[in-house]
Amino acid sequence: MMCQVVEEYEEPLEQEAPSVSKQCVKCKEVLAVVVIRAGDKYCRDCFDQYFRHKFRATLGKNRIIFPGERVLLAVSGGPSSSSMLRQVQEGFGQSAHKKLRFMPGIVYVDEGGAVGQSVEERRLTVAKMEDVFKAAGFPFHILPLEQILDIPTSVVALRAASSPPPASAYKAAVDDFIRNGVISDVTPQEKAGTPPPYVLASQTHALRQMMDSVKTLTAREDLMSTLRQQMLVHTARSEGYTKVMLGHNCTRLAVQLLTSISLGRGAHLARDTGFSDSRYGDVTFVRPMRDHSAKEIAYHNRLFHVQCVFTPNLHTKAKAKSSIQHLTESFVNNLQVDFPSTVSTIYRTSEKLQTACKNSSSEDHGDKCLLCMCSLDTSGEMASAFQATLISERLSADANGPLPGENPGRRGPQTGSCCRGPGQRCVEDGGCSTALRPPDTPDVRPWLCYSCQLTVKDMSCVDVLPGCILSEARRRQTRSRMREEISDFLLDD
Ligand SMILES: [Zn+2]
Ligand SMILES: [Zn+2]
């Protein structure tokens, strides 16, 4: 099978090679410097035009960022988000009718504490980021991930979006903007960035403890990306932004799509990979780089000297098979080498996906996952993967005695809050039971989607989760208990 495929691909390639011209396909004058796909050769200027056009077209066709709207650019220092920053920067240097019309700001979440960077290393990275952001000339916010531990409940409690504007509203807003002129331009003098807040060693320790409590790299990476998203939403809300721009390119989204499927996030694929993601209600995530490939971005960054800042992540030094995310990434990249349409094939699929949401506007907060904020997919039919997991858990529990975290007398949703880890708060004797859990640690599992349940199951202790998540779980638990108590007196819906 494989041999056949290879043969079919080899022939046309060999034939094509001698007839290739060295000129740019666009202007047909200048010598090409970039080859994107076989046959697509561009000179420096035409490539830049093509690159810019794609960025503006993605924004333009989706029509969801309104003139004057405050938009937060999430920049990690990586090639993709650095390129996005450059595109926005250039969008403000354009002539009046082509100029971008929103109000940009930048956020950088410093994850050094979670990946074990020293204080000195983090300070250096932050200083480099500051230089890049100052040069960009937009207001910026640099925040350590540790802050997630101290934020109020606001992120996990859903905030309703103001009702979506009608389709005609965008055109009206643009016309209005053109008639009434300019929003006050951001001038360099006003752009005082917030100095990075001081991180306490105890906060870094707490963050490390949370990361260390997760036993697999797969779950750790999943938790990390959840926390990062929550930080972005929190920053957007507290600084008054209504959109967050992410630098995800189509290569990354293709990997994300396959990863999401492998992690049991099938129900959330459209949100995880689409152009816009409105799961947080009042703050919408957009992905304007989703039509650019990692290769195009790398070429563009090199040709136009876009500065990137390297920051290590959880799997920087890990082997390819160390986590599902990392394995999927190397799988897609390796396949792409021999089959250049791999990424676009996977990625085109993601455009066809839609979320089948049942009356999401009137949904109770209790219906959203505490971690990823997607709707709960756990009330599925008997034949779902979720039910199968529950059954196999129950069977192995029957064979081996009560599950960790489960009170032997009670069969119900488990918390996964087994406390065998050293130095945890719970008492270790004879396998911990619900009774040994500190009374204030709530049951988080009923409020998680299928995939997030798998992540939390890999944690040795749930009481290291950020306080805002635990207190929201507590609130929901109390509510559902109350509802149960008075259920006999309630009229049916
Ligand atoms: Zn050209
Ligand atoms: Zn979830």
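Structure: above.
Small disclaimer: the values here were computed from a predicted structure and weren't measured.

A. Looking closely at the overall build of the protein chain. What the protein chain contains, in helices and strands, is 16 helices and eight strands. Burial status across the protein chain gives 37% buried among its 493 residues. Residue pairs in contact within the protein chain that sit at least 24 positions apart in sequence constitute 74% of those at least 6 positions apart.

B. Here's a closer look at helix H5 (residues 119-136). Counted at 1.5 Å a residue, the expected span for H5 with its 18 residues is 26 Å, and the 26 Å between its end C-alpha atoms agrees. Taken together, the buried positions of H5 are occupied by Arg122, Thr125, Met129, Val132, Phe133 and Ala136. Axial view of H5: buried residues confined to an arc of 95°, hence all on one face. The exposed set on the far side of H5, more than 90 degrees from its buried face, consists of Val119, Glu120, Ala127, Asp131 and Ala135. Looking one or two residues past H5, Gly137 carries a phi angle of roughly 85°, positive in sign.

C. Representation of the nonpolar core within the structure. Leu73, Ile106, Val244 and Cys369 are the most contacted members of the largest nonpolar core, which totals 80 residues. No fewer than three residues from each of domain 1 (64-159 + 187-352) and domain 2 (392-489) sit in this core. When neighbours within four sequence positions are excluded, Ile106 is seen to be in contact with Leu73, Val75, Leu85, Phe133, Ala136, Phe138 and Phe140. By size, the runner-up hydrophobic cluster in this structure holds nine residues, among which are Cys250, Val255, Val343 and Ile346.

D. Main features of the pairing of strand E3 (residues 70-74). Within E3, four of the five residues are buried, leaving the element largely enclosed by the surrounding structure. Bridge count for E3 against strand E4 (residues 103-110) is five bridges, and the pairing is parallel. Pairing of Leu73 across the sheet is with Ile106, part of E4. Regarding the hand of the β-α-β motif, the stretch spanning E3, helix H3 (residues 79-92) and E4 is right-handed.

E. Examining the environment of Glu111 more closely. Inspection of the secondary structure assignment puts Glu111 in the loop between E4 and helix H4 (112-115). Classification of Glu111 as buried rests on a count of 23 C-beta atoms within 10 Å. Taking the C-alpha atoms as reference points, Glu111 and Thr311, 200 residues apart in sequence, are found 8.5 Å from one another.

F. Structural detail: the sheet that holds E3. Spatially, six strands are ordered E5-E4-E3-E6-E8-E7 in an open sheet, and the strand pairing comes out mixed. A single partner strand is all that each edge strand has here, and the edge strands are strand E5 (140-144) and strand E7 (276-277). Bridge count for E3 against strand E6 (residues 243-245) is three bridges, and the pairing is parallel. When the sheet's bridge partners are listed, Leu72 is paired in E6 with Val244. Packed on one face of the sheet, H3 meets E3, E4 and E6 and runs near 145° to E3. Lying over the sheet, helix H8 (residues 217-239) contacts E3, E4, E5 and E6, oriented at roughly 140° with respect to E4.

G. Fine view of the environment of Asp110. With respect to the helices and strands, Asp110 occurs in strand E4. When neighbours within four sequence positions are excluded, Asp110 is seen to be in contact with Arg122, Val126, Ile142, Leu143, Pro144 and Leu145.

H. Spotlight on the pairing of E5. Only one face of E5 is buried: it carries Phe140, Ile142 and Pro144, and the other face, with His141 and Leu143, is open. Two strands pair when backbone bridges link them, and E4 and E5 are joined in this way by five bridges, in the parallel orientation. Bridging across to E5, Val107 finds its partner in His141.

I. Structural detail: unusual backbone geometry. In the Ramachandran plot, Lys28 falls in the positive-phi region, its phi being about 55° despite a non-glycine side chain. Inspection of the secondary structure assignment puts Lys28 in the loop between helix H1 (2-19) and strand E1 (34-35). Of note in the backbone geometry, Arg63 takes a positive phi value of approximately 45° without being a glycine. Looking at the secondary structure, you find Arg63 in the loop between helix H2 (44-62) and E3.

J. Local environment of H8. In this model, H8 (23 residues) spans 32 Å end to end at C-alpha, consistent with the 33 Å of a helix rising 1.5 Å per residue. Remark: Gly240 follows H8 within two positions and exhibits a positive phi of approximately 80°.

K. Expanded view of the packing of helix H9 (residues 250-262) against helix H12 (residues 324-338). Closest axis-to-axis distance for the H9/H12 pair is 9 Å, and the angle between their directions is 135°. By the angle between their axes, H9 is oblique relative to H12. H9 and H12 meet at a crossing whose hand is right-handed. For the pair H9 and H12, the contacting residues are Ala254, Val255, Leu258, Thr259 and Ser262 in the first and Ile324, Gln325, Thr328, Glu329 and Val332 in the second. Tallied by class, the residues present in the contact of H9 with H12 amount to five nonpolar, four polar and one charged.

Reading guide: rules and limits
Residues numbered from 1 in each chain as written. Chains lettered and ligands numbered in written order. Predicted model: local features only at pLDDT ≥ 70, side-chain atom pairs only at ≥ 80, totals over all residues. Helix = DSSP H or I, 4+ residues; strand = E, 2+ residues; numbered from the N terminus. Buried ≥ 20, exposed ≤ 12 C-beta atoms within 10 Å, placed from the backbone. Contact = placed C-beta atoms within 7 Å. Expected span 1.5 Å × (residues − 1). Arc of directions from axis to C-beta. Core = buried A, V, L, I, M, F, W, Y, C linked by C-beta atoms within 7 Å. Domains from an automatic or database assignment. Pairing = 2+ DSSP bridges. Right-handed = clockwise from strand over helix to strand, strands pointing away. Axes fitted to C-alpha atoms, helices over the stretch in contact; angles between N-to-C directions. Parallel < 35°, antiparallel > 145°, perpendicular 65-115°, else oblique. Left-handed = near helix turned anticlockwise from the far one by under 90°. Nonpolar A, V, L, I, M, F, W, Y, C, P; charged D, E, K, R; others polar.

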